[in-house]
Amino acid sequence: MKSTVLAAAIILCATSAPATDFKGQVAPVLQKYCYKCHSEVQKKEKGDLVLDNLERFGRQIGPSGIIKPGQPESSSFFTSMTLPKSDDDHMPPAKEAQPPPASIAIIKAWITEGASLDGKKVAATPAATPAAPAAPSAPGAAA
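What you see is a predicted model; the values in this text were computed from it and never measured.

Let's shift gears to the overall build of the protein. The secondary structure content of the protein amounts to five helices and two strands. Going residue by residue from the N terminus, the α and β elements of the protein occur as α-α-β-β-α-α-α. For the protein, the residues scored as buried account for 29% of the 143 residues in total. For the protein, the proportion of contacts with a sequence separation of at least 24, taken over those separated by at least 6, is 46%.

In structure tokens:
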């Protein structure tokens, strides 16, 4: 009984935990470390990536985008931040200010939670589950 109550409490806490807030937590990290090269306001769109236009940025979020909701390790947006600074694909470039580990953790949590731009927690893209087999029809029933 105790284990059932404990499991229910853990699930309740996990499902009611606040999502990482894009506007309050993620956007300030992007503004500080990324807008210099990826901003319409700054008139810089390196790599054709803009982070301060949410409509355009949102197109980068999805199964074929640079941000794969629920999968930070498969998201080049995140992994480029974790590469060694000497790697040409490391972002931001080594000569620029680097986000501290806490800021990178915010980006990772945001992607893990579904990479929502509106602050609502989004379920990660679930793995495909096979459909249940159809129930056999009664003999003589019309198919």
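Bringing the nonpolar core into the picture now. Residues L30, L51, F57, I67, F77, I107 and W110 are the most contacted members of the largest nonpolar core, which totals 21 residues. Those elements giving two or more residues to this core turn out to be α2 (22-33), α4 (76-82) and α5 (101-112). Here the element with the most residues in this core is α2; it accounts for six residues. In this structure, I107 is in contact with V26, V29, L30, F77, F78 and M81, ignoring residues within four places of it in sequence.

Moving on: the state of the cysteines. Working definition of a disulfide: a covalent bond connecting the sulfur atoms of two cysteines. Per the stated rule, a full pass over the model turns up zero disulfides. The thiol of C34 is unpaired, and the distance to the nearest cysteine sulfur, on C37, comes to 8.8 Å. For C34, a relative accessible area of 13% translates into the label buried.

Reading the values: rules and limits
Every chain is numbered independently, its residues counted from 1 as its sequence is written. Residue-level local features of this predicted model are given only where pLDDT is at least 70; pairs of side-chain atoms are given and counted only at 80 or more, and the full residue set underlies all totals for whole chains, interfaces and linings. Values shown for side chains rest on all heavy atoms present in the structure; no hydrogens or waters enter the calculation. In this text, helices come from DSSP runs of H or I with a minimum length of four residues, and strands from runs of E with a minimum of two, each type numbered from the N-terminal end. Between buried and exposed lies partly exposed: a residue is buried under 20% and exposed over 50% of the maximum accessible area for its type, with that area taken using a 1.4 Å probe on protein chains only. Any two residues whose heavy atoms approach within 4.5 Å are treated as being in contact. Put simply, a nonpolar core is a bunch of buried Ala, Val, Leu, Ile, Met, Phe, Trp, Tyr and Cys residues held in one set by side-chain atoms that sit within 4.5 Å of each other. When the sulfur atoms of two cysteines come within 2.5 Å, that pair is taken as a disulfide.

That's the geometry; what it means functionally is another story.
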